[in-house]
Amino acid sequence: MNKEIKTSQKVKATLRSVLTNTGTLMIIVGACTAVIAIILNWEKVMDELGRLVKILMPFIFGVVLSFLINPLVNSINGFLDNIVFKGRNSKWCKYTSVGISYIVLLGAVTIVIVYIVPQVSESLKELTKSLGKGYGYLVNNTEEIQNRYPFLPMQDISELLKRVMPENIFGYGTDIAKVVFPYLYNISASFIAGLINIIFAIVISCYIILDKDKIKKEIRRMIYIFTSKNSAPVIWNTFCECNRIFNGFLYGKSIDSIIIGVLSLIVMSIINLPYALLLSLIVGITNMIPYFGPFIGAVPGVIIYLVIEPKYAIIYVIMILVLQQFDGLYLGPKILGDLTGIKPLWVIFGITVGGAYFGVLGMFLGVPTVAALMHIFKVIMEMKIKKRMIREREEIKKKKEMGRHEIK
């Protein structure tokens, strides 16, 4: 009887192994077939993916918006819960927090459109006139400028300007609107479509934020259902840590960049550098890119000031270097701390690869992405090491037991 039971168990185990291997083989064959089909129909696949992304754009933007505004919602929710609601009516506290957060966001956008955009537009008009005059002066009076500023390689600068910018590039002057106007129709049509997507995205982001606890529970349930009992907690904790890295980096870097942009505007206004708002805006936006951001943001200002008045360029470079040192040594560590936990080499790797494939957005998101991948790799390595240590301990125990039996 025992032999029959053992035989049936062996047969079941063999069948289970065969079925498992067959299933794995079928998955591999299916995956290879799918990859080959995608390669053979690459253009069609890319077109369909483009259409799908276009359809899903409101949902994608809604997820991104909810991710970005979530820290603000949490801050307001904590404040209201402690001061106003005092632990009661958590549901209404959450609704109020979401409403206030979006009012703050829309208020900030309104301020930008009403106050900042017109000033930037006016600065661009003035800049067009000044660059036209400065370009002509630099090209035609190279020797005079070289005598005034011996340390500047004016011959090289003049040749570079002639190569990069044709002589008639600034000839439009105040008529630059005539050049831009034909594009306004297409831009306005795209703006209307974009506005509709933004409205849908705001609605979607509201639902995501309001239901974020339920979404977290569902994700956690799926992880615990489709993974083993030992792996599930590790995967969930890794997911939470990656979310913390992304969330903290985006929120912290945004605050850091706003502070640097405002400081740049204040300093430039105090020392009377022209186009303070326009260039401070560029500095603040490019500061979102770690390490290289401040230098990338300084390039337009240096070029503009070299054309208008070289001494402004020197003052501007000194100001950017001081701000960069302040940000790197004090402000950045205070706000971000060691959030990503990766070495400068990997930061440069993330910026380079992200920028090569996805442009400026890739340069910004490359760092938290690399940090998240490094954390996942670290978790996998720790799990492998633990398994190996457990295996080695078991082998040592077996050897000890075998030694004891031999002694007996």
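Bear in mind that the values here come from a model prediction, so they are computed numbers and not experimental data.

K.L.:
Would you mind showing me how to read the overall build of the protein here?
P.N.:
Along the backbone of the protein there are 13 helices and zero strands. The N-to-C order of helical and strand elements in the protein reads α-α-α-α-α-α-α-α-α-α-α-α-α. Buried residues in the protein amount to 27% of all 408 residues. For the protein, the share of sequence-separated contacts (at least 6 apart) that also reach a separation of at least 24 residues comes to 68%.

K.L.:
Teacher, can you tell me more about the packing of helix α2 (residues 42-85) against helix α9 (residues 231-270) here?
P.N.:
Packed helix pairs are characterised by how far apart their axes lie and by the angle those axes make with each other. Contact geometry of α2 with α9 gives a least axis separation of 9 Å together with a crossing angle of 85 degrees. Classified by the angle between their axes, α2 and α9 sit roughly perpendicular to one another. Residue-level contacts link F67, L68, N70, P71, L72 and S75 of α2 to N243, F246, N247, L250 and Y251 of α9. Its residues placed into classes, the contact of α2 with α9 shows seven nonpolar, four polar and no charged.

K.L.:
Would you mind going over unusual backbone geometry with me for this structure?
P.N.:
Most of the time, phi is negative for any residue but glycine, and the peptide bond is trans. One non-glycine residue with positive phi stands out, namely N272, at about 60 degrees. Residue position: N272 is located in the loop between α9 and α10 (276-286). One non-glycine residue, Y275, lies in the positive phi region at around 55 degrees. Along the chain, the position of Y275 falls in the loop between α9 and α10. You can call Y275 buried: its relative accessible area is 11%.

K.L.:
When you look at the environment of F326 in this model, what are you seeing that I'm missing?
P.N.:
Here F326 is to be found in helix α12 (residues 310-336). Note on F326: relative accessible area 33%, which makes it partly exposed. Leave out the neighbours within four places in its chain, and F326 touches I260, L263 and L331.

K.L.:
Is there a simple way to think about a positive patch on the surface in this case?
P.N.:
On the surface, K384, K387, R388 and R391 cluster together into a patch of positive charge. Within the secondary structure layout, R391 lies in helix α13 (residues 344-407).

K.L.:
Explain helix α11 (residues 293-308) here, please?
P.N.:
In an α-helix, one turn spans 3.6 residues; hence positions three or four apart end up facing the same way. The end-to-end C-alpha separation of α11 is 24 Å, in line with the 22 Å expected for 16 residues at 1.5 Å each. The complete set of buried residues in α11 reads G293, P294, G297, A298, G301, I304, Y305, L306 and V307.

K.L.:
Whenever I open this one, the packing of aromatic side chains confuses me. Can you help?
P.N.:
The geometry of two aromatic rings is summed up by the distance between their centres and the angle between their planes. Per the stated rule, a full pass over the model turns up five aromatic pairs. Look at W92 and Y95: their rings are 5.9 Å apart centre to centre, the planes differ by 90 degrees, and that puts the pair in the edge-to-face class. Of this pair, W92 and Y95 both sit in helix α3 (residues 90-140), three residues apart, roughly one helical turn. Residue class for W92 comes out exposed when judged on its relative accessible area of 56%.

K.L.:
In this structure, what is going on with the side chain of Q324? I would like to understand it.
P.N.:
Its place among the elements puts Q324 in helix α12. Overall, the relative accessible area of 18% leaves Q324 in the buried class. Setting aside residues up to four positions removed in sequence, Q324 forms contacts with P294 and F295.

Definitions and cut-offs
- Residues numbered from 1 in each chain as written.
- Predicted model: local features only at pLDDT ≥ 70, side-chain atom pairs only at ≥ 80, totals over all residues.
- Heavy atoms only, no water.
- Helix = DSSP H or I, 4+ residues; strand = E, 2+ residues; numbered from the N terminus.
- Buried < 20%, exposed > 50% of the residue type's maximum accessible area, 1.4 Å probe, protein only.
- Contact = heavy atoms within 4.5 Å.
- Axes fitted to C-alpha atoms, helices over the stretch in contact; angles between N-to-C directions.
- Parallel < 35°, antiparallel > 145°, perpendicular 65-115°, else oblique.
- Nonpolar A, V, L, I, M, F, W, Y, C, P; charged D, E, K, R; others polar.
- Patch = residues over 30% accessible without salt bridge, like charges linked within 9 Å, V, L, I, M, F, W, Y side chains within 5 Å.
- Areas by Shrake-Rupley, 256 points an atom, 1.4 Å probe, with all protein chains shown as cover.
- Salt bridge = Lys/Arg side-chain N within 4 Å of Asp/Glu carboxyl O.
- Lys, Arg positive; Asp, Glu negative; His and termini not counted.
- Charge placed at Lys NZ, Arg CZ, Asp CG, Glu CD.
- Expected span 1.5 Å × (residues − 1).
- Phe/Tyr/Trp six-rings, centres within 6.5 Å; stacked < 30°, edge-to-face > 60°.

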